[in-house]
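Single-letter residue listing:
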Amino acid sequence: MKVLLSWIREFVDVPESAEDIGKLMSVRGLALEGLESHGDDVVMDFDVTANRPDCLSMIGIAREIATAYQRPLKVPEGRDFSPASSRADAGIAISIESADLCGRYVGAIADVTVGPSPQWLQDRLIACGIRSISNVVDITNYVLLELGQPMHAFDLDKLAGPGIIVRRAKPGESITTLDGKKRTLTSDMLVIADTARAQAIGGVMGGADSEVCATTRRIVFEAAHFTPSSVRKTSKTLGLKTDASTRFERGMDVTAPARAMARACQLLEQIGAGKAAGTIKDVYPSPQPATSLILERTRVSGLLGMDVPDAHLERILRSLGFDVQSASAEASADRTAGQAGWSITAPAWRVDIKRPVDLIEEVGRHHGFEHLPSTFPGVQQAPAASDPRIGRDRRVRTALLGMGYSEAITFAFIEAVAAEPFLPSTTLGGTAREAPVALANPLSEKFAVMRPSLLPGLIDAVSHNRRHGRRDVQLFEIGTRFSPRGESRGAGFAWTGLASADHWGGARRDVDFFDVKGVVEQLAAVSVVSPAFAETYVPYLVKGRAAAIVVNGQHVGVVGLLDPSIADRRDLPSGDEVYVAEINLDLLTAQATVGTLRAAALPRFPWVVRDVSILVDDALSAGTVRGTIRSAAPGTLIDIREFDRYQGKGIPDGKVSLSLRLTFQSPERTLTDEEVQAGMQHIIDALTRDLQAIQR
Amino acid sequence: MSTIDTSIGPDRAREIFRAELADVRTDAELQALRTRWVGRNHSWSAAFMEALKTATPEQKKTLGKGANELKKEVEAALAEREASLAAARRPANAVDITLPGRTPRLGHRHPLSLIRDEVGGIFTRLGYQVLEGPEIEDDYHNFEALNMPEEHPARDMQDTFYLQTPIKSVNQTLSLLRTHTSAMQIRHMEQNAPPVRLVAIGPVYRKDELDLTHTPMFHQVEGLVVGKGVTLADLKGTLAAMAEALFPSIRSAVGDGATHSGQAAIRFRPSFFPYTEPSAEVDIQCIKCQGSGCAMCKRTGWIEILGSGMVHPAVFEAVGYDPNEVTGFAFGMGVERVALLKWGVEDIRLFYENDLRFLEQFGL
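Computed from a prediction, not measured in an experiment: that's the story for all the values here.

### Here we look at the overall build of chain A
For step 1, the next point in the chain: Looking only at helices and strands, chain A features 19 helices and 32 strands.
For step 2, the next point in the chain: In terms of overall dimensions, chain A is more spread out than a globule: its C-alpha atoms have a radius of gyration of 40 Å, far above the 26 Å expected for 696 residues.
For step 3, the next point in the chain: Across the 696 residues in chain A, those meeting the buried criterion constitute 51%.
For step 4, the next point in the chain: Of the contacts made within chain A by residues no fewer than 6 positions apart, 69% connect residues no fewer than 24 positions apart.
For step 5, the next point in the chain: Summed over its atoms, the accessible surface of chain A is roughly 31100 Å², and 51% of this surface lies on carbon and sulfur atoms.
For step 6, the next point in the chain: For chain A, the distance from the average position of its 77 positive side-chain charges to the average position of its 85 negative side-chain charges is 2 Å.

See the structure below:
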């Protein structure tokens, strides 16, 4: 709200500079957004919060300043307007048909000579950001700025019939508004009409048909009160926001229309633009009672945590226009004794005052929040535990950081095409995919759907880094994935480039499947679970370089090489191999044994190691070999480790040489050579029999 | 090299020895020095022995003592130098320690993640539980229960993303991306009786175009304390403690350890939020100029960091708390905002580009 310092000074004596006033008001609830000089005057731009439509006026801001400086609010001479008389038989005929949308309508007929406004009036409007149009229209805007009450002027001779009708729009009814646009109305919108048609959209904008122009001789001034929710809805539906609608939708003073009308008529004469003809007509079918509240003394300090002396409290509220009466314990007999306080009536412009806390805020802010002491809330019980996901995510994050991954945070909404390959299939192994969680009003196509996976965002982040000169990129993200079935927390990571940092003394090798698989194994170790890996097919990973991560039979994620066509679509340099993995942390946690962990005693007896090399079919997986060994081995076999896998010279085509190191140990005794040898023989027999292995 | 002339006496000879020792750089030089001073023949010590033979009994007494001490001292000094030369010698298997190390790869924390943890840590110390909540919400938890019924003008303050197809279940219709972590307040209070002491941290969404200071997704820290006798002054103390912990420069600027929680570290400006009454925006003392006024704080000496207030009675009524029995405070702070201020980041979009050149500036 732009206000003019000279205009404010008509209502309150503040010789202080605009800077000083701005500084004080900023800590009293009116933040100063800008200051600019305007001739000898200063325009102050205050940020008025949505709950204070009364401050969208000179008088409203002046009242706040007067209270802050503890000075009286002045009523300039000749401006003490007593309530206007209301006589149904005089003045213009006004009929309110939709009293639920228009609580009060004040109208007055005036004879006018349309011309330019005097310079001082034009200057004031322009300083406050309103264009000068003509003396009659300028008066409506002047009153709007001064008192906050929106007004309108109709050209009476352009209206059909004897008076004003306030009614809902008829189905299909249309109106051309003052901005020249034809608008089709709906039956929940309020119009101001003559007997023939709508002439204004109530509380939003007037119509072009009855616009005041140079030849206008007689006008009807309107000052009315419209229902906030209705104005807001109409303004939103039509996409039409005006100075009037902004005020009405927040709630206006129901007593203001009469005062505003009197002020407008006064100005009309004062600037020689015309004269009111006859009585001001005021239709106010059901007068609204003022809001009265009991404010208990103990509640004030109980909520603020500081004491405000009674005299301060009363001065503040009275200065803001409240009626303050001491209420003794007897007067509020329905309350507990000892809670004496005040009976307070809010002024009609304070539409935001509904509860005692609203009064406490007024007292607190004008007493000054700077007087608040710094204290801490008392503890009444032991603090409850935090969300267990936070600690778990921290452990996973720490592990990934330690393994060289930097943490990424990407937007949770992504492009629909980027999400598509990552949508889970709805049938086992089928091609039908689940629908993404799409936004109805995305910022742009780039942010159209909620991510089903962390990988699209990570791939884009890898792509960004590759295009900015980075050869080796390791990134991870821990975040939420979305599906129509709900939200889940995941950890995803992506790796491209060298397997380990480049070094003058070492061999260079690019990352491969086993690097990322190893990372997954370590992440499982964070939760103390052992993962199994199963061949899988997902549309975003290269077939044969992809594995499902399985824990206790539960599918918890995938790991593998990103499909080159996806890498290509996301602008990664061609030839880049990007390995990715994603784990559902919620499912992984469900399998975690870390909560029931018991420490095992260290073994007291020595272990025995035996190596075995076998020649097998190269299509045979290491997992199968390990399985055969396990099923044939005695219970003392505690570890199997592949330490060499060789194909090439000396090995027949289609065969592979596997070397395994087997470790035996018993918790109860020292193993003898004989029993280990017997165990080995058993294993070798099984390998030969079941897998046609040849011992080398 | 000096001529051996014992007539100068042991004291002068000692000075000569010290000068010669100072010039020794190699093992060979040291060996030559040793021979020359304590060798069996043609050395200074041999010459003094010789001189003793021809000395008068009177001279013998002082010369003998002096020559003996000189010899002892020379031997000790030679041994010491020998040790220091040995220590300086480069062994055959030495490496060039100035070559670069083989660095294990170490990732870097995202700055927003650092702030999240820091704030979580501060409030954990103060006895709060740290919570996270759903990011897709229903209208009730995000707006209505927070005293923002349909058509409330304050809804304009938070432009909302809606789902194309709301996710319906038995008791709710999830239809929007939460615009603030305040939705979590409601969910928690519905399920738990007072007292409450929590912070909720996580992403929130508002329909803002990307620019230097806005992103359509950002992170928020929500704080909520409910109990008997919780006051606005308690909020002030709590937020001052948090601000001092997050921005150590504020504390030092106050410079008075006796001041209770740095009264001047923050200030409250009355404001409006539908879900709090009274409401206040909170400024911290400018971290750049310590309050004296600079370009960063637009010459005010203060920088806004969060919105807060006393929980509105209507919110308590919505979750079944009795506003006559309990009071509470709540605050909401932007994580990005804190990170921008703390590290002097000038473009908020950097937090979402995940450029390693940016991320690697932050530690672990």
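Moving on, there is more to tell.
### A few points about the overall build of chain B
For step 1, the next point in the chain: The secondary structure content of chain B amounts to 13 helices and 10 strands.
For step 2, the next point in the chain: For 364 residues, the compact-globule estimate of 2.2 N^0.38 gives 21 Å, and the C-alpha radius of gyration of chain B, at 39 Å, exceeds that figure by more than 25%.
For step 3, the next point in the chain: Along the three orthogonal principal directions, the C-alpha set of chain B runs to about 120 × 45 × 40 Å.
For step 4, the next point in the chain: Out of the 364 residues belonging to chain B, those deemed buried represent 54%.
For step 5, the next point in the chain: Pairs at least 24 residues apart make up 66% of the contacts formed inside chain B by residues separated by at least 6 positions.
For step 6, the next point in the chain: As displayed, chain B has an accessible area near 16800 Å², and 51% of this comes from carbon and sulfur atoms.
For step 7, the next point in the chain: Averaging the locations of the 40 positively and 48 negatively charged side chains of chain B gives two centres separated by 13 Å.

### A short note on the interface of chain B and chain A
When the parts of a complex come together, some accessible area is lost, and that lost area is often used as the size of the interface.
For step 1, the next point in the chain: Between chain B and chain A, the contact holds 91 residues from the first and 89 residues from the second.
For step 2, the next point in the chain: Put simply, chain B and chain A have six salt bridges between them.
For step 3, the next point in the chain: Among the ionic pairs, A:Arg355 bridges to B:Glu317, the shortest N-O distance being 2.9 Å.
For step 4, the next point in the chain: In this assembly, chain B and chain A are joined by 41 residue pairs in polar contact (both at pLDDT 80 or more).
For step 5, the next point in the chain: Counting residues per element, the side of chain B that touches chain A draws most heavily on helix 8 (residues 232–246) of chain B, at seven residues.
For step 6, the next point in the chain: Here the residues of the side of chain B that touches chain A sort into 39 nonpolar, 28 polar and 24 charged.

### What about the sheet that holds strand 6 (residues 217–227) of chain B?
Residues and elements named next belong to chain B.
For step 1, the next point in the chain: Taken together, seven strands build an open sheet; the order of strands is 1-5-6-10-9-8-7 and the sheet is mixed. Edge positions in the open sheet fall to strand 1 (129–131) and strand 7 (266–273), since each of these has one partner strand only. Averaged over all adjacent pairs, the angle separating strand axes in this sheet is 25°, with direction ignored.
For step 2, the next point in the chain: Of the pairings in the sheet, the one linking strand 7 to strand 8 (residues 276–285) comprises seven bridges and is antiparallel in character. Looking at strand 8, one finds that Arg-269 is bridged to Glu-281.

### Describing the side chain of A:Ser57
Residues and elements named next belong to chain A.
For step 1, the next point in the chain: You can see Ser-57 is positioned in the loop between strand 3 (41–47) and helix 3 (58–68).
For step 2, the next point in the chain: Owing to a relative accessible area of 1%, Ser-57 belongs among the buried residues under this scheme.
For step 3, the next point in the chain: Beyond its immediate chain neighbours, meaning those up to four positions away, Ser-57 contacts Met-1, Leu-145, Glu-146, Leu-147 and Gly-148.

### A short note on unusual backbone geometry
For step 1, the next point in the chain: Residue B:Pro195 is bonded to the preceding B:Pro194 through a cis peptide linkage, with omega at 0°.
For step 2, the next point in the chain: Among the structural elements, B:Pro195 can be located in the loop between helix 7 (182–191) and strand 5 (196–205).
For step 3, the next point in the chain: Here the amide bond leading from B:Glu277 into B:Pro278 is cis, since omega sits at -5°, within 30 degrees of zero.
For step 4, the next point in the chain: Of note, B:Pro278 is situated in strand 8.
For step 5, the next point in the chain: A positive phi angle is found at A:Gln70, which is not glycine, with a value near 55°.
For step 6, the next point in the chain: Take A:Gln70: it is sitting in the loop between helix 3 and strand 4 (93–96).

### What to know about the packing of helix 10 (residues 310–319) of chain A against helix 11 (residues 356–367) of chain A
All names here are of chain A.
For step 1, the next point in the chain: Between helix 10 and helix 11, whose axes approach to 9 Å, the crossing angle comes to 105°. In terms of orientation, helix 10 and helix 11 fall into the roughly perpendicular class. Between helix 10, through His-312, Leu-313, Ile-316 and Leu-317, and helix 11, the contact on the second element is made entirely by Leu-359, Glu-362, Val-363, His-366 and His-367.

### Some points on the sheet that holds strand 24 (residues 486–496) of chain A
All names here are of chain A.
For step 1, the next point in the chain: Strands sit in the order 19-23-24-28-27-26-25 across an open sheet of seven strands; the sheet is mixed. Two strands bound the open sheet, and with one partner strand each, they are strand 19 (406–407) and strand 25 (532–535).
For step 2, the next point in the chain: With seven bridges joining them, strand 26 (residues 541–551) and strand 27 (residues 554–562) adopt antiparallel strand pairing. Across the sheet, residue Ile-549 finds its bridge partner in strand 27, namely Gly-557.
For step 3, the next point in the chain: Its contacts with the sheet place helix 15 (residues 513–526) against strand 24, strand 25, strand 26, strand 27 and strand 28 (578–584), and it is angled at close to 140° to strand 24.

### Describing the packing of aromatic side chains
For step 1, the next point in the chain: Enumeration over the complete set of coordinates arrives at 24 aromatic pairs over all chains.
For step 2, the next point in the chain: Taken together, a centroid distance of 6.1 Å and an interplanar angle of 20° make the contact between B:Phe273 and B:Tyr275 stacked. The residues B:Phe273 and B:Tyr275 share a single accessibility class, namely buried.
For step 3, the next point in the chain: Relative to B:Tyr321, the ring of B:Phe316 has its centre 5.9 Å away and its plane inclined at 20°; by these criteria the two rings are stacked.
For step 4, the next point in the chain: When the ring centre of A:Trp342 is taken as origin, the NZ or CZ atom of A:Arg297, which lies over that ring, is 4.7 Å away.
For step 5, the next point in the chain: Positioned over the ring face of B:Phe247 is B:Lys342, at 6.0 Å from the centre of the ring.

### Things to note about the packing of helix 9 (residues 297–304) of chain A against helix 11 of chain A
Residues and elements named next belong to chain A.
For step 1, the next point in the chain: At their nearest, the axes of helix 9 and helix 11 sit 10 Å apart, and the two run at 65° to each other. As judged from the angle between their axes, helix 9 and helix 11 are roughly perpendicular. Of the two possible hands of crossing, helix 9 and helix 11 adopt the one that is right-handed. Between helix 9 and helix 11, the contacting residues are Arg-299, Val-300, Leu-303 and Leu-304 on the first element and Val-357, Ile-360, Val-363 and Gly-364 on the second.
For step 2, the next point in the chain: Its residues assigned to classes, the contact of helix 9 with helix 11 comprises six nonpolar, one polar and one charged.

### A look at the pattern of salt bridges
Residues and elements named next belong to chain A.
For step 1, the next point in the chain: Applying the stated rule across the entire model yields 74 salt bridges over all chains.
For step 2, the next point in the chain: Where Lys-158 meets Asp-155, a salt bridge forms, and the shortest distance between an N and an O atom there is 3.6 Å.
For step 3, the next point in the chain: Take Asp-155: its relative accessible area is 3%, and that puts it in the buried class.
For step 4, the next point in the chain: A salt bridge links Glu-249 to Lys-241; its shortest N-O distance comes to 3.9 Å.
For step 5, the next point in the chain: A relative accessible area of 5% means that Glu-249 is categorised as buried.
For step 6, the next point in the chain: Each of Arg-52, Asp-54, Glu-64, Arg-350, Asp-352, Glu-362 and Arg-365 takes part in a single network of salt bridges with overlapping partners.

### Let's talk about the side chain of A:His464
For step 1, the next point in the chain: With respect to the secondary-structure elements, A:His464 resides in helix 14 (residues 455–467).
For step 2, the next point in the chain: Look past the residues within four positions of A:His464 in its chain and what remains in contact with it is B:Glu353 and B:Asp355.

### Quick look at the confidence of the model for chain B
Residues and elements named next belong to chain B.
For step 1, the next point in the chain: Chain-level pLDDT for chain B is 89 on average; 94% of the residues reach the 70-or-more range.
For step 2, the next point in the chain: Note that pLDDT drops below 50 for residues 254–263; the model gives that stretch 18 contacts with residues more than four away or on any other chain.
For step 3, the next point in the chain: Interface confidence for the predicted complex, expressed as ipTM, amounts to 0.89; the pTM equals 0.86.

### Remarks on helix 4 (residues 57–88) of chain B
Residues and elements named next belong to chain B.
For step 1, the next point in the chain: Across its 32 residues, helix 4 extends 46 Å between first and last C-alpha, which sits within 8% of the 46 Å expected from 1.5 Å per residue.
For step 2, the next point in the chain: Taken as a whole, helix 4 has its buried residues at Leu-63, Gly-66, Ala-67, Leu-70, Val-74, Ala-77, Leu-78 and Leu-85.
For step 3, the next point in the chain: On its buried side, helix 4 packs onto helix 1 (9–22), helix 2 (27–38) and helix 3 (44–53).

### Quick notes on the nonpolar core
For step 1, the next point in the chain: Core analysis: the biggest nonpolar cluster contains 120 residues, and A:Phe413 and B:Phe268 have the highest contact counts within it.
For step 2, the next point in the chain: For this core, the element with the most residues is helix 8 of chain B, which contributes eight residues.
For step 3, the next point in the chain: Among residues more than four places away in sequence, those in contact with B:Phe268 are A:Val27, A:Phe369, A:Leu372, B:Leu232, B:Leu235, B:Lys236, B:Leu239, B:Ala280, B:Glu281 and B:Val282.
For step 4, the next point in the chain: A:Ala66, A:Ala127, A:Val212 and A:Leu268 belong to the second largest nonpolar core, which has 60 residues in total.

### Observations concerning helix 6 (residues 228–238) of chain A
Residue and element names in this part refer to chain A.
For step 1, the next point in the chain: Among the residues of helix 6, Ser-230, Val-231, Arg-232, Thr-234, Ser-235 and Leu-238 are the ones counted as buried.
For step 2, the next point in the chain: Elements that come into contact with the buried residues of helix 6 comprise strand 9 (182–184), strand 11 (198–201), strand 13 (218–226) and helix 7 (243–250).
For step 3, the next point in the chain: Immediately downstream of helix 6, the backbone of Gly-239 shows phi near 65°, a positive value.

### Overview of the pairing of strand 5 (residues 102–112) of chain A
Residue and element names in this part refer to chain A.
For step 1, the next point in the chain: The buried fraction of strand 5 amounts to nine of the 11 residues, a majority that puts the element mostly inside the structure.
For step 2, the next point in the chain: Judged from the nine bridges that link them, strand 5 and strand 13 form a sheet pairing that is antiparallel. Its bridge partner being in strand 13, Val-106 is matched across the sheet by Ala-223.
For step 3, the next point in the chain: As defined by bridge partners, strand 5 adjoins strand 15 (residues 281–283) across three bridges and the pair is classed as antiparallel.

Calculation notes
- Going along each chain's sequence as written, the residues are numbered from 1 onward.
- Here chains are named by letter from A upward and ligands by number from 1 upward, in the order in which they appear as written.
- Only residues with pLDDT of at least 70 get local features here, since the model is predicted, and only at 80 or more are side-chain atom pairs given and counted; chain-wide, interface and lining totals rely on the full set of residues.
- The basis for every side-chain value is the complete set of non-hydrogen atoms in the structure, without hydrogens or water.
- Helix and strand assignments come from DSSP, with helices taken as H or I runs of at least 4 residues and strands as E runs of at least 2, each series counted from the N terminus.
- As a reference, a globule follows 2.2 Å times the number of residues to the power 0.38, and the radius of gyration itself is taken over C-alpha atoms.
- A 1.4 Å probe rolled over the protein chains alone gives each residue an accessible area, and that area as a share of the maximum for its type sets the label: buried under 20%, exposed over 50%, partly exposed in between.
- Here, residues are in contact when the closest pair of their heavy atoms is within 4.5 Å.
- Each accessible area value is a Shrake-Rupley result obtained with a 1.4 Å probe; residue values ignore everything except the protein chains displayed when judging cover.
- Charge counting treats Lys and Arg as positive and Asp and Glu as negative, with His and both chain ends excluded.
- Positions of charges follow a simple convention, taking NZ of Lys, CZ of Arg, CG of Asp or CD of Glu.
- Salt bridge, as applied in this entry: a Lys or Arg side-chain nitrogen positioned within 4 Å of an Asp or Glu carboxyl oxygen.
- Residues adjacent in sequence count toward polar contacts only when both atoms are side-chain atoms; beyond that, a polar contact is any pair of N or O atoms within 3.5 Å, and within protein one must be able to donate a hydrogen and the other to accept it.
- Residue polarity follows a fixed list, in which Ala, Val, Leu, Ile, Met, Phe, Trp, Tyr, Cys and Pro are nonpolar, Asp, Glu, Lys and Arg are charged, and the others, Gly among them, are polar.
- When DSSP finds at least two bridges between two strands, those strands are taken to pair.
- To get an axis, fit a line to the C-alpha atoms, keeping to the stretch in contact for a helix; angles then go from 0 to 180 degrees between the N-to-C directions.
- The scheme is simple: roughly parallel for angles under 35 degrees, roughly antiparallel for over 145, roughly perpendicular for 65 to 115, oblique for anything else.
- In this scheme Phe, Tyr and Trp rings, the latter by its six-membered ring, pair at centre separations within 6.5 Å, and the angle between planes marks the pair as stacked below 30 degrees, edge-to-face above 60, and tilted otherwise.
- In this scheme, the term charge over a ring applies when either NZ of a lysine or CZ of an arginine sits within 6 Å of the ring centre and within 35 degrees of the ring normal.
- Here is the rule for handedness: rotate from the far helix to the near one, and if that takes an anticlockwise turn smaller than a right angle the crossing is left-handed, while a clockwise turn gives right-handed.
- On a scale of 0 to 100, pLDDT captures the predictor's confidence in every residue.
- Multiplying 1.5 Å by the helix residue count minus one yields the expected span of that helix.
- Throughout this description, the term nonpolar core refers to a set of buried Ala, Val, Leu, Ile, Met, Phe, Trp, Tyr and Cys residues connected via side-chain atoms within 4.5 Å.

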